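For reference, the chains in residue letters:
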Amino acid sequence: MICLAGSGPGPEIEPGTATGNGTGATTSQGAVQSFANGAGLNFIRPAGAASRIKDIASLQAGRDNQLIGYGLVVGLQGTGDGLRNSPFTEQSLRAMLQNLGISTEGGASRVNNVAAVIVTANLPPFASLGSRIDVTVSSLGDATSLRGGTLVMTSMSGADGQIYAVAQGSVIVSAINAQGDAATLQQGTATAGRLPGGAIIEREIPAKFKQVDGLVYQLRNPDFTTAVGMADVINAFSQERYGSAIAEARDSTSVAVRKPARADLARLTAELEGLVVETDTPARVVVNERTGTIVIGNDVRVSRVAVSHGTLTVQINELPTVVQPLPFSDGVTAVEPLTDITAGIDGGQIAMIDGPDLRTLVAGLNSIGVKPDGIIAILQGIKSAGALHAELVLQ
């Protein structure tokens, strides 16, 4: 399928103003929407879409921190690690029992309801002591399923080696793994699960948010036009509110904001993140050959080219015939091979494609009447011919 993705800024229209179609939309947008609906396409959004700053950028000081830990999941129904194949599981089990005051010297463990796991989580910015975060557990040994297991108290450390959270609780596994003597049913991955709110924060990351002199916003999709437009919107707001400009676009990724002398930084952040900015992105065509999905940006242009697409189909039918010998002869029954080969060409239409706008480009591609895999090949050919004025991203 082809998805229309509008990304470039467009003209502003007052709400409720019609331009010939009586629907409050521009004629080109209405035509694109009508064509997309008739062709069964997925229309994402019209050109000129605006977004809030909180949706297109994040604070440099407000980033996540990754945590990791090693623990044991117990209570499995015979689907845990084989202790002979996973010696680290047995060592961890013995160490845990010794810490609980149970001696295991001289005894061989034969349990199969324990699994060693790696525990991971993201510590959100400004997380407070005692709050909870989600945890993901993944099997480290040869366990076949973590369904029904319980994660034993596991400390989670950051990159600096300090413990920031402790995780414990029941593991939720949404996958199914059933096996019999002659058949196996598997849906999803049963060796990984989650603990929603399964970790408690025990140490806060030192944060000096209000002691800094300004903010730095990082764009999620780097673009100079968007960065400069974001700085202009912030400066227009600050000129009216504080009487001076406070934002500067450093590059295509970051926008620096200086804190006014009489402003509270937390309140200033809340005011800025709600400002609306017109976003822009480079012209890009994204192609996923595995799923046959094609996403064409609003700013994609194509020079005038002639495109022909045809598929050669060869069908082979084997129709063997049985030949019987004459009566009272020494002959034997034989099979004579008979092969019927039919070749044909599907499609083969020639279309002129000239993409001054997105609607014309998509209409030209669909006029050829080929499937998504054929359109992918056509787009690659147009790019090789130098007529596609956009970046072609293959996934």
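Every chain begins its residue count from 1, and numbering advances along the sequence as written. Local features are withheld for residues below a pLDDT of 70 in this predicted model, meaning they are given only at 70 or higher, and side-chain atom pairs are given and counted only at 80 or more; totals for whole chains, interfaces and linings count all residues. With hydrogens and water excluded, all non-hydrogen atoms of the structure serve as input to the side-chain values.

Draft legend 1. Seen up close, the overall build of the protein. Helix numbers and strand numbers start at the N terminus; a helix is a DSSP run of H or I with at least 4 residues, a strand a run of E with at least 2. Secondary structure assignment for the protein yields seven helices and 24 strands. For the protein, with 395 residues in total, the buried portion stands at 33%. Contact definition: two residues touch when any of their heavy atoms are within 4.5 Å. In the protein, the proportion of contacts linking residues at least 24 apart, taken out of those at least 6 apart, comes to 70%. For the protein, the accessible area works out to roughly 22,800 Å², and carbon and sulfur atoms hold 52% of it. Between buried and exposed lies partly exposed: a residue is buried under 20% and exposed over 50% of the maximum accessible area for its type, with that area taken using a 1.4 Å probe on protein chains only. For every accessible area listed, the method is Shrake-Rupley and the probe measures 1.4 Å; residues are considered covered only by the protein chains on display.

Draft legend 2. The packing of aromatic side chains, seen in detail. A pair of Phe, Tyr and Trp rings is counted when the ring centres sit within 6.5 Å of each other, with Trp represented by its six-membered ring. The angle between the planes then sorts it: under 30 degrees is stacked, over 60 is edge-to-face, the rest tilted. Summed over the entire model, instances satisfying the criterion amount to zero aromatic pairs. Over a ring means this: the NZ of a Lys or the CZ of an Arg is within 6 Å of the ring centre and within 35 degrees of the ring normal. The ring of Y164 is capped by R203, whose NZ or CZ atom sits 5.9 Å from the centre of that ring.

Draft legend 3. Layout of helix α4 (residues 224-241). What a helix should span is 1.5 Å times the count of its residues minus one. Over its 18 residues, α4 runs 26 Å from end to end, which matches the ideal 26 Å to within 8%, given 1.5 Å per residue. Of all the positions in α4, only T226, A227, M230, A231, I234, N235 and S238 are classed as buried. Measuring from the backbone nitrogen of T225 back to the side-chain oxygen at the start of α4 gives 3.0 Å, which picks out D223 as the cap. Directly beyond the C-terminal end of α4, a positive phi value near 85° is found at G243. Here a polar contact is taken to be a pair of N or O atoms separated by no more than 3.5 Å, where protein atoms must pair a possible hydrogen donor with a possible acceptor and residues adjacent in sequence count only if both atoms sit in side chains.

Draft legend 4. Structural detail: the pattern of salt bridges. We define a salt bridge as a side-chain nitrogen of Lys or Arg found within 4 Å of a carboxyl oxygen belonging to Asp or Glu. Enumeration according to the criterion identifies six salt bridges in this entry. Of the charged contacts in the structure, one is a salt bridge between D55 and R52, with a shortest N-O distance of 3.0 Å. What makes R52 partly exposed here is its relative accessible area of 38%. Across the pair R94 and E90 runs a salt bridge whose closest N-O atoms are separated by 3.2 Å. Residue R94 and its partner E90 are both found in helix α3 (residues 87-99); the two are separated by four residues, about one turn of the helix. R94 sits in the partly exposed class, given a relative accessible area of 22%.

Draft legend 5. Up close: a nonpolar patch on the surface. Patch membership requires more than 30% relative accessible area and the absence of a salt bridge. Residues of like charge join within 9 Å; the nonpolar side chains Val, Leu, Ile, Met, Phe, Trp and Tyr join within 5 Å. Together, Y70, F88 and L140 make up an exposed nonpolar region whose accessible area comes to about 240 Å². Note that Y70 resides in strand β5 (residues 65-74). Using a relative accessible area of 34% as the deciding quantity, one classes Y70 as partly exposed.

Draft legend 6. Looking closely at helix α7 (residues 372-384). With 13 residues, α7 extends 18 Å from end C-alpha to end C-alpha; this agrees with the ideal 18 Å at 1.5 Å per step. Buried within α7 we find G374, I375, I376, I378, L379 and I382. Positive backbone phi, at 80°, marks G386, one or two positions downstream of α7.

Draft legend 7. Spotlight on the nonpolar core. Note on terminology: a nonpolar core comprises buried Ala, Val, Leu, Ile, Met, Phe, Trp, Tyr and Cys residues joined through side-chain atoms within 4.5 Å. V119, V135, V137, L151 and M156 are the most contacted members of the largest nonpolar core, which totals 26 residues. Contributing elements (two or more residues each) for this core: β5, β6 (114-123), β7 (132-139), β8 (150-157), β9 (163-170) and β12 (192-201). The greatest single-element share of this core, amounting to five residues, is contributed by β6. Not counting residues within four places of it along the chain, the set of residues in contact with V119 comprises L67, I68, G69, G71, V135, T136, V137, L151, T154, M156 and A167.

Draft legend 8. Structural context of the sheet that holds strand β4 (residues 57-59). For two strands to count as paired, DSSP must find a minimum of two bridges between them. The antiparallel open sheet is built from four strands, whose spatial order is β4-β13-β15-β14. Each end of this open sheet is capped by a strand with a single partner; those strands are β4 and β14 (247-249). If you compare each strand with its neighbour and ignore which way they point, the axes differ by 25° on average. A fitted line through C-alpha atoms represents every axis, and for helices the fit uses only the stretch in contact; the resulting angles, taken between N-to-C directions, go from 0 to 180 degrees. Where helix α5 (residues 265-272) meets the sheet, its contacts fall on β4, β13 (214-219) and β15 (254-258), and the angle it forms with β13 comes to roughly 30°.

Draft legend 9. Geometry of the environment of L151. When you line up the elements, L151 lands in strand β8. Judged by relative accessible area, which is 0%, L151 ranks as buried. Expressed as a C-alpha distance, the spacing of L151 and L72, which sit 79 residues apart in the sequence, is 5.9 Å.

Draft legend 10. Fine view of the sheet that holds β6. In spatial order, the strands read β5-β6-β7-β12-β9-β8; together these six strands close into a barrel with antiparallel pairing. Within the sheet, the average angular offset between the axes of one strand and its neighbour, ignoring direction, is 30°. Here β8 pairs with β9 via six bridges, running antiparallel. Paired with S157 across the two strands is I163, which belongs to β9.

Draft legend 11. Spatial organisation of the confidence of the model for the protein. Summarising the model, the protein shows a mean pLDDT of 78, and 77% of its residues fall at 70 or more. Considering only residues more than four positions removed or in separate chains, one finds that residues 1-48, a stretch of pLDDT under 50, has 82 contacts. Predictor confidence is given residue by residue as pLDDT, running from a minimum of 0 to a maximum of 100.

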